[in-house]
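Understanding the architecture of this molecule
So you can see what is in the structure, the chains are spelled out below.
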Amino acid sequence: MTDSTQTLEQLQAEIAALKEQRMQELEVASAQRELDQLKAGKMPVEAPTSVGNQAIAGEQIKDIKLASVRQGMNGLFHFLLSPVASVYYGSKTGYWKPTLIATGVAVIGVPLAVIDAGFTFAVAPPITSCLMMCNKSSEKRRQLGILMPEQADAMMVEVTRF
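Computed from a predicted model, the values in this text were never measured in an experiment.

**Focus on the packing of aromatic side chains**
Per the counting criterion, the structure on display carries three aromatic pairs. On the basis of an interplanar angle of 75° and a centroid distance of 5.6 Å, the ring pair of Phe 77 and Tyr 88 is categorised as edge-to-face. Of the two residues, Phe 77 is situated in helix 3 (residues 71-80) and Tyr 88 in helix 4 (residues 82-93); the sequence distance between them amounts to eleven residues. Of the residues examined, Tyr 88 reaches a relative accessible area of 40% and is grouped as partly exposed. Residue class for Phe 77 comes out partly exposed when judged on its relative accessible area of 22%. One aromatic cluster in this structure is built from Phe 77, Tyr 88 and Tyr 89.

Written out as structure tokens, the structure reads:
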């Protein structure tokens, strides 16, 4: 056996061990969540057994993506390029509600544009989208027990490794 073949086999074995370790970590996290729910007096929610860990990880990833939004940059980006910013943050986080509601506000603002020279149309949708995204980001940070987006980035690394 050559050195490269042996090294490849060692790497594959190490990857398999890391995957197994990650699955055990997810099981422990699930058990901890269930225990916390029981302590809070709630009935634990059963996840589907075949994809339970993947569903939990997917929900964690979505929450962490929302928590990692830099709110100052979000505001600046909405100020400069409001429709683009709304779509960008919607695609980045998977949270499209601010984009859709801002679109509705823009539709309502079109008739008002005649009266106020387009001020409502230019200001209300980006403010709506920006504030909704910032509020959701703050809520997810509070739920995850973090303060800064950098902490969410570090959590993302932990969740997405293998």
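**Quick word on the pattern of salt bridges**
What the rule picks out here adds up to five salt bridges. As a salt-bridge pair, Asp 63 and Lys 140 come within 3.2 Å of each other at their nearest N and O atoms. Residue Asp 63 is found in helix 2 (residues 52-67), and its partner Lys 140 is found in helix 6 (residues 119-144); the two are separated by 77 residues along the sequence. There is no split in this pair, since Asp 63 and Lys 140 are both buried. Among the ionic pairs, Asp 153 bridges to Arg 70, the shortest N-O distance being 2.7 Å.

**Thoughts on a nonpolar patch on the surface**
Among the surface-exposed residues, Met 73, Leu 76, Phe 79, Leu 80, Leu 81 and Val 84 lie close enough to one another that they form a single nonpolar patch of about 640 Å² accessible area. With four residues, helix 3 is the largest single contributor of residues to the nonpolar patch. Tracing the sequence through the fold places Met 73 in helix 3.

**Some points on the nonpolar core**
Counting six residues, the largest nonpolar core is built from Ile 64, Ala 67, Ile 146, Ala 152, Met 156 and Val 159. Taken together, the elements giving at least two residues each to this core come down to helix 2 and helix 7 (149-160). A per-element tally of this core places helix 7 first, with three residues. Counting residues in each nonpolar core, the second largest holds five residues, with Leu 66, Val 69, Tyr 95 and Met 133 among its members.

Rules used throughout
- Residues numbered from 1 in each chain as written.
- Predicted model: local features only at pLDDT ≥ 70, side-chain atom pairs only at ≥ 80, totals over all residues.
- Heavy atoms only, no water.
- Phe/Tyr/Trp six-rings, centres within 6.5 Å; stacked < 30°, edge-to-face > 60°.
- Helix = DSSP H or I, 4+ residues; strand = E, 2+ residues; numbered from the N terminus.
- Buried < 20%, exposed > 50% of the residue type's maximum accessible area, 1.4 Å probe, protein only.
- Salt bridge = Lys/Arg side-chain N within 4 Å of Asp/Glu carboxyl O.
- Patch = residues over 30% accessible without salt bridge, like charges linked within 9 Å, V, L, I, M, F, W, Y side chains within 5 Å.
- Areas by Shrake-Rupley, 256 points an atom, 1.4 Å probe, with all protein chains shown as cover.
- Core = buried A, V, L, I, M, F, W, Y, C linked by side-chain atoms within 4.5 Å.

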